[in-house]
Each structure stands twice: as C-alpha cells, then as structure tokens.
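Here is what each chain is made of, one letter per residue.
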Amino acid sequence: MPWAACVLAMTLAGFPLATAADRESGTELIGRPAPEWTFTRWVGGPERSLAEYRGQVVLLRWWTEGCHFCEVTLPVLESLRVTHAANDLVVIGAFHPKPPRNVSDRHVLRTAKRLGFSGPIALDRDWQTLGRYWLDADPERSWTSVSFLIDREGLIRWVHGGGEYHPTSDPRHHRCDVQYRELEKILATVLAEKPQASSLR
C-alpha cells in the first residue's frame, strides 16, 4: 500500500496520524549504527562488507523491477554516484525480487542498465538484509523500496521510507522534490565530514 494510502487508512481506522507517518519515516533509526548486511551475492561490483566501506559514505537503496518508484529514482542515484564518486560516495543498489525468488545475475544487470544504474548491485533474494534494516522492526511497514545514507563512521544519517525522490518543478511531485533536496543537504554535510583516524583503512 502506498504511503499516502496507508496514512489515510490508519487515520480512518482511528489511529493517530503521527503513528502512520512515523512507521514509514524511519526517523528512529537516525544516528544508529547501520546493521551489517548479508546479501545473497553481489551481482555487480566486488563483494564487500559494510565494514570495508568504513571511511566512505554509502547510499544504499533497495529496488526491484516493475516498480515505478525505482524506475524514477535509480537514474537520480546514478547521477549522485557519478557526481560525488571523487568525494568517497558509494551508491549501492540492493535488488530484492518480488516475490522473493531466484533471479539470474544477467537479468538483474540487464534491468539495472535499462533503468540507468551502473553502480554496485547486491542481490537480497530472500529480503534478509532488508528485514534487518527495515521490516523486522515493524512488520506493518508497507514500503520496501527504502534508502539509507550511512556516514563514514557507519552511522545512519538519513532514511527514506520508500517511494520516489527526485528534483522536479512539477507540483504533483512536490514531496519528491522536498525529499530529494533534504538528501542533497544531508549528503553535502556528511561528505564534508572528515573520517576519524579509526575509520581509515
């Protein structure tokens, strides 16, 4: 169920509006250490643990095929990846097939290419890492196309609870633009932070 529909349904059911919004916002995760990931395998790029990215900034986004929100957002992530690669930003696309099932590396890479994403890709076949990051804490969450910005120390600094975000002047997508500008602002702050000596490899 889309975020807005989820909010409306809960409001009509008598739940406080903040409850529905907080469920999908993930704000309670800000400042916490990002969980280690256990992806099924890496499809594009070298297999690396989260710890191996310490000292770099990681933008991690779950995506899948047939998802309009992913189709709109992945080209934006590619643009950020290319623009900030020299500043130690790594953008990782975590492919989670719906429903969970086996998919070939070739299929995932072909789909990513069609959507305009060329960064590292991990396969989260059974949603194990998606659960650890997002779904296990609240099984009622409706989104799975979530994003996390992880700083050089491995702390979560920004969460997007699902859907799309991109720069636009279209008033129908005002929320998408606001959330993208929020990401830009926080990303600039995080990239400007110097890694601590303990983070340097």
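Residues numbered from 1 in each chain as written. Predicted model: local features only at pLDDT ≥ 70, side-chain atom pairs only at ≥ 80, totals over all residues. Heavy atoms only, no water.

(A) The arrangement of the overall build of the chain in detail. Scanning the chain from terminus to terminus reveals 6 helices and 6 strands. Ordered by position from N to C terminus, the α and β elements of the chain give α-α-β-β-α-β-α-β-α-β-β-α. The long-range share in the chain, meaning contacts at least 24 apart out of those at least 6 apart in sequence, stands at 72%. Counting only carbon and sulfur atoms, one obtains 55% of the accessible surface of the chain, whose full area is about 9,900 Å². (Helix = DSSP H or I, 4+ residues; strand = E, 2+ residues; numbered from the N terminus. Contact = heavy atoms within 4.5 Å. Areas by Shrake-Rupley, 256 points an atom, 1.4 Å probe, with all protein chains shown as cover.)

(B) How the structure looks around the sheet that holds strand β1 (residues 41-44). Pairing within the open sheet is mixed, and its 6 strands lie in the order β1-β4-β3-β2-β5-β6. Each edge of the open sheet is held by one strand with a lone partner, namely β1 and β6 (156-160). The sheet shows a mean angle of 25° between the axes of neighbouring strands, taken without regard to direction. Here 3 bridges tie β1 to strand β4 (residues 121-123), and the two strands are oriented antiparallel to one another. By the bridge assignment for β4, Trp42 is matched with Ala122. Across the sheet, helix α4 (residues 105-115) lies against β1, β2 (57-63), β3 (89-95) and β4, angled at about 45° from β1, the strand it touches most. (Pairing = 2+ DSSP bridges. Axes fitted to C-alpha atoms, helices over the stretch in contact; angles between N-to-C directions.)

(C) View of empty space enclosed by the protein. In total, this model carries 1 cavity of 30 Å³ or more according to the counting rule given. Of the pockets and cavities examined, the largest cavity occupies roughly 30 Å³. Along the walls of the largest cavity sit Leu50, Tyr53, Arg54, Gln56, Val58, Ile150, Asp151, Arg152 and Gly154, which together make up its complete lining. Considered class by class, the residues forming the lining of the largest cavity number 4 nonpolar, 2 polar and 3 charged. (1 Å grid on protein atoms, 1.4 Å probe; cavity = no way out; pocket = protein on both sides within 12 Å on 5 of 7 lines; lining within 4 Å. Points joined across faces, edges and corners; volume = space filled by probe spheres on them. Nonpolar A, V, L, I, M, F, W, Y, C, P; charged D, E, K, R; others polar.)

(D) Examining the nonpolar core more closely. Judged by nonpolar contacts, the single largest core of 28 residues is most densely connected at Leu59, Trp63, Leu89, Ile121 and Leu149. Of all the elements in the fold, those that place two or more residues in this core are β2, α3 (68-84), β3, α4, β4 and α6 (174-192). Residues within four places of Leu149 in sequence aside, it is in contact with Val57, Val58, Leu59, Leu155, Ile156, Arg157, Trp158, Leu183, Ile186, Leu187 and Val190. Counting 24 residues, the second-largest nonpolar core is a separate cluster that includes Ile92, Ala94, Tyr133 and Val146. (Core = buried A, V, L, I, M, F, W, Y, C linked by side-chain atoms within 4.5 Å. Buried < 20%, exposed > 50% of the residue type's maximum accessible area, 1.4 Å probe, protein only.)

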